[in-house]
Amino acid sequence: MSMFISFLAAAITAGTPILFGTLGEIITEKVGHLNLGVEGMMAIGACAGFMVGYSTDSFFLALIAAFAAGMLAALLYGLLTITLMANQNVTGLTLTIFGVGFANFCGFYARKAYGVESLKLPENITSQMRNINIPGLSDIPVIGQLFFSYNPFVYLGIITAILLSIYLNKTKTGLNIRAIGENPASADAAGIKVTKWKYINVGLGGGICGIGGAFTIMIINKGVWISDCVGGLGWIAVALVIFASWSPTKAIFGSFVFGALRQLKYYVPSSIGIPGALYDMLPYVITTIVLVAASVRSSKKNSQPASCGINYFREER
């Protein structure tokens, strides 16, 4: 029983960076933009968060830097696709290639500049990333381990998902955003500032992805800089958007499912004889199955916004 509880807790932690990437992509797609650059934005966020944290010894500034870097990368994507009408798929893929390469480049030359073989965050930051102990709650058997003993990123991810759900479903602005995603021409005719809200939400989505990247380098890699630190989690996040039916709250559950798949190899007895590579492959196999299942799903409810992937040119409405 204790091993099962530990497995669930590990799954929640492992799914958190995927949750951030998924939430960032959901808010982007809700305004009609398919951004395949999630991996790149997460990589840029990881790089910025790490470098600022390493230089300033501040966890808060590191988070701000990760968010800002992801947002700037997303706004670059927005400039190309919203204003210059570039192809969204090509631009997103280019952003991924650029983001991963840029992060690796910065990490390599940072080691040269500091004259060290490896870069590790200061103890002041790593101590703030450890699991939070809530007096009275964290000590409750089972419940304490499952709900009240995680690092700050986990709680931030869940709160972000809940706030985004309220934002999209319970506010007038959220209704306008969903209208833009379904039919930007009609939204424009109704007086909604389409271009403004596209930029705001594309930038917000990129910032959230950037925080997910900071998680990978600070928690998964334990504060040590490693090239290609995101390791494909951004691609899983893109697929998880479909799995979650573009719902921020459903993304919480979906991210923990994929987190469980990533942690499975550490909890299944080695005596069974299943190769470790099979466990590493499992999340991507499930990702493929999700994409195939989504392609044959006929329900219009909880489907991709109608204008997603299609650039809006106002003079053509």
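Before reading on, note that the structure itself is shown above.
Cut-offs and rules
- Residues numbered from 1 in each chain as written.
- Predicted model: local features only at pLDDT ≥ 70, side-chain atom pairs only at ≥ 80, totals over all residues.
- Heavy atoms only, no water.
- Helix = DSSP H or I, 4+ residues; strand = E, 2+ residues; numbered from the N terminus.
- Rg over C-alpha atoms; globule rule 2.2 N^0.38 Å.
- Buried < 20%, exposed > 50% of the residue type's maximum accessible area, 1.4 Å probe, protein only.
- Contact = heavy atoms within 4.5 Å.
- Areas by Shrake-Rupley, 256 points an atom, 1.4 Å probe, with all protein chains shown as cover.
- Lys, Arg positive; Asp, Glu negative; His and termini not counted.
- Charge placed at Lys NZ, Arg CZ, Asp CG, Glu CD.
- Axes fitted to C-alpha atoms, helices over the stretch in contact; angles between N-to-C directions.
- Parallel < 35°, antiparallel > 145°, perpendicular 65-115°, else oblique.
- Nonpolar A, V, L, I, M, F, W, Y, C, P; charged D, E, K, R; others polar.
- Phe/Tyr/Trp six-rings, centres within 6.5 Å; stacked < 30°, edge-to-face > 60°.
- 1 Å grid on protein atoms, 1.4 Å probe; cavity = no way out; pocket = protein on both sides within 12 Å on 5 of 7 lines; lining within 4 Å.
- Points joined across faces, edges and corners; volume = space filled by probe spheres on them.

Along the backbone of the protein there are 13 helices and zero strands. Its helices and strands taken in sequence order, the protein reads α-α-α-α-α-α-α-α-α-α-α-α-α from the N to the C terminus. Scaling as 2.2 N^0.38, a compact globule of 317 residues should have a C-alpha radius of gyration of about 20 Å, and the protein matches this with 20 Å. Residues classed as buried in the protein amount to 50% of the 317 residues present. The long-range fraction of contacts in the protein, counting pairs at least 24 apart against all pairs at least 6 apart in sequence, stands at 76%. Carbon and sulfur atoms make up 67% of the accessible area of the protein, which totals about 14700 Å². Separation between the mean location of the 20 positive side-chain charges and that of the 13 negative ones in the protein comes to 8 Å.

Our next topic: unusual backbone geometry. Within the chain, M85 stands out as a residue other than glycine whose phi angle is a positive 60°. With respect to the helices, strands and loops of the structure, M85 is situated in the loop between α3 (59–83) and α4 (88–114). What makes M85 partly exposed here is its relative accessible area of 30%.

This part covers the packing of helix α7 (residues 152–169) against helix α12 (residues 248–263). Viewed as axis vectors pointing N to C, α7 and α12 meet at an angle of 150°, and their least axial separation amounts to 7 Å. In terms of orientation, α7 and α12 fall into the roughly antiparallel class. In contact with I158, A161, L164, S165 and L168 of α7, α12 contributes P248, T249, I252 and F256. Looking at the contact of α7 with α12 residue by residue, the classes come out as seven nonpolar, two polar and no charged.

What follows deals with the packing of aromatic side chains. Taken as a whole and assessed by the stated rule, the structure comprises 12 aromatic pairs. Aromatic side chains Y54 and Y114 sit 4.9 Å apart centroid to centroid with 70° between the ring planes, which places their arrangement in the edge-to-face category. Of this pair, Y54 sits in helix α2 (residues 38–56) while Y114 sits in helix α4, and the two are 60 residues apart along the sequence. Assessed through its relative accessible area of 43%, Y114 is described here as partly exposed. Of the aromatic side chains, those joined through ring pairs into one cluster are F50, Y54, Y114 and W225.

Another aspect to go through is the layout of surface pockets. It is a probe the size of a water molecule, rolled over the atoms, that shows where empty space is left. Taken as a whole, the largest pocket spans an internal volume of roughly 680 Å³. Lining of the largest pocket is provided by 28 residues; of these, T13, I219, I220, K222 and Q263 occupy positions nearest its centre. Where the lining of the largest pocket is concerned, the elements lending two or more residues are α1 (2–29), α10 (194–220), α12 and α13 (276–296). Classifying every residue of the lining of the largest pocket gives 15 nonpolar, eight polar and five charged.

Functional significance is not addressed by these values, which are geometric in nature.
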